[in-house]
Amino acid sequence: MATPYLLYVTPEGEILEEPRVQALSFGDRPLKESDLIPLPDGVTLSMMPDRMAVGLKRSGVRYVVPQSRGWAVAALLPIGYTRTLLPAYEKVPDTEPLPFFGYSAVAGMNGKLYVAAVKTDEVRKWHPRAFNRQKLERLVHEKQEAYPQNRIIGQHAHCALDYSCPTASNLFFERWEMAIAVSPGCNARCVGCISKQEEEELISPQDRLTFIPTVDEIVEVALPHLEKAEDSIVSFGQGCEGEPLLQWPRISKAIKALRQKTDRGIININTNGSNPRWLQHLYDAGLDTIRVSTISGHPETYNAYYRPLGYTFDDVKESLRRASAAGLYSSINLLSFPGLIDREREVEALLELARDTNLRLIQLRNLNIDPEVFLPRMPDFKTMGKALGMKKLIQILKQELPDVEIGNFTRPVPRALPTTL
């Protein structure tokens, strides 16, 4: 068995090795060969500014790379891969929080680079090479010329070109899952929100939507996509907006208008599931699939992260129950932070949530956040039991929930006939 060794990055961006120093993961856990896979296609290596690289000498002494030589390095995984361990580092005191990325532990072995991750979905539709920049720019220009007054197209042109958002880009490529952002407001204050932060020291990486589109704007963008696109999905609820349910009357009218004109494609919502009554209107209007965001099946952990305004975790569960009863293909967007979601209490709560709501799919999503911003805001891990590891979590989910898919992406699954729970 090879021993993974420490990597770090110089101020000039060069990745260097310390072959005599064993690589560690967050919490100074030594990395093993079995923890790692070769760097997947589409991965990005990232400097962790003001975080010194740390490892373990053969003598068992902890080693810190001096900051004059460089910083700790992490991998940012392509969609379709789930992080299993976070990188180890030593923080320079009184420094800024890390940008909102999903930092994964990396190491070297036999002159090659490896990352702590597992492949959890088919990545063809989400790989960077599927989004040719030159072609995207041309398609954006053409679409904006064709629909100069449609603000949704303007918003997602910005998201596609400036943030490389796949679902925004698919609006212009006219294929697969396409974004429609509708809501500038939100009824949660998520610790890791990527479009609006209330805390001064945290800077959102994206701009929040600033307008509410009309029903006509929504239909003008969505109808051609449903009618013509391959594996077409139109998705309300995107990273550049707040909570789409706050605009449920508008979404309901748009769904009805779309379904009067076509029965093709899938209409989906990505939501926090905060109001089952509002969602019931969307189910009745013809919504096909739903993805509800959560970090946990346990209300204490959920509340610590989402900090909900005017709703409870019981409301979220009721929304999912109603979705199943209405025949929707229901999933959760499980924000995954190794060392939290894989703890015994959290695994048990997640299994209970899936069984209670008849979930069809668990979408694993690497939580993009600085560990030292996140951890102090979470419940005491001592109350949650042992961390089983992300691989073990996935194994348990597959064993205990054989009818639930495990993946990363929304499926284009038509709505089934309603059932009785």
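In this text the structure is predicted, and so the values were computed from the model without any measurement. (Residues numbered from 1 in each chain as written. Predicted model: local features only at pLDDT ≥ 70, side-chain atom pairs only at ≥ 80, totals over all residues. Heavy atoms only, no water.)

Colleague: Which residues make up the sheet that holds strand β5 (residues 44-48), and what are the values?
Modeller: What the three strands build is an open sheet, ordered β5-β9-β12; its pairing is antiparallel. The sheet is open, and its two edges are formed by β5 and β12 (103-104), each paired on a single side. (Pairing = 2+ DSSP bridges. Helix = DSSP H or I, 4+ residues; strand = E, 2+ residues; numbered from the N terminus.)

Colleague: Outline the domain arrangement of the protein chain, listing residues and values.
Modeller: Partitioning the protein chain into structural domains gives domain 1 (5-119) and domain 2 (128-407). Each of domain 1 and domain 2 has a C-alpha centre, and the two are 29 Å apart. Taken together, the contacts link 24 residues of domain 1 with 28 residues of domain 2. Across the domain 1/domain 2 interface, buried area totals approximately 2,000 Å², and carbon plus sulfur atoms make up 61% of it. Our enumeration of links across domain 1 and domain 2 arrives at two salt bridges. Ionic pairing is found between D370 and R51, a salt bridge with its closest N-O pair at 3.1 Å. Joining domain 1 to domain 2, the criterion identifies eleven residue pairs in polar contact (both at pLDDT 80 or more). Ranked by residue count, the leading element in the side of domain 1 that touches domain 2 is strand β10 (residues 81-83), at three residues. (Domains from an automatic or database assignment. Contact = heavy atoms within 4.5 Å. Buried area = accessible area lost by both parts, 1.4 Å probe. Salt bridge = Lys/Arg side-chain N within 4 Å of Asp/Glu carboxyl O. Polar contact = N/O pair within 3.5 Å; in protein donor to acceptor, adjacent residues only side chain to side chain.)

Colleague: Would you mind going over the pairing of strand β21 (residues 361-366) in detail, with residue names and values included?
Modeller: The side chains of a regular strand alternate, first on one face of the sheet and then on the other. Within β21, five of the six residues are buried, which leaves the element mostly enclosed by the surrounding structure. Both strand β20 (residues 329-336) and β21 contribute to a ladder of six bridges, which runs parallel. Its bridge partner lying in β21, L335 is registered against R365. With helix α9 (residues 344-357) bridging β20 and the parallel β21, this β-α-β connection has right-handed handedness. Sheet topology note: the β21/strand β22 (residues 405-407) ladder contains three bridges and is parallel. Note on β22: the bridge partner recorded for L361 is E405. (Buried < 20%, exposed > 50% of the residue type's maximum accessible area, 1.4 Å probe, protein only. Right-handed = clockwise from strand over helix to strand, strands pointing away.)

Colleague: Please give an account of the pattern of salt bridges that cites residues and values.
Modeller: One pass over the full model with this rule turns up 21 salt bridges. Between D314 and K317 there is a salt bridge, and its shortest N-O distance comes to 3.6 Å. Here the residue D314 and the residue K317 both occupy positions in helix α8 (residues 313-325), the gap between them amounting to three residues, near one helical turn. Two residues, R321 and D356, come together in a salt bridge whose shortest N-O distance is 2.7 Å. Of the two residues, R321 sits in helix α8 while D356 sits in helix α9, which places them 35 residues apart along the sequence. Here the salt bridges share partners, and the residues they tie into one network are E318, R321, R322 and D356.

Colleague: Explain the packing of helix α2 (residues 151-163) against helix α3 (residues 166-173) residue by residue, including any values.
Modeller: With their axes 8 Å apart at the nearest point, α2 and α3 run at an angle of 120° to one another. Comparing the axis directions of α2 and α3 gives the class oblique. Helix-helix and strand crossings are classified by hand; for α2 and α3 the assignment is left-handed. Contacts from I153, H156, A157, C159 and A160 in α2 reach A168, S169, L171 and F172 in α3. Per-class residue counts for the contact of α2 with α3 are seven nonpolar, two polar and no charged. (Axes fitted to C-alpha atoms, helices over the stretch in contact; angles between N-to-C directions. Parallel < 35°, antiparallel > 145°, perpendicular 65-115°, else oblique. Left-handed = near helix turned anticlockwise from the far one by under 90°. Nonpolar A, V, L, I, M, F, W, Y, C, P; charged D, E, K, R; others polar.)

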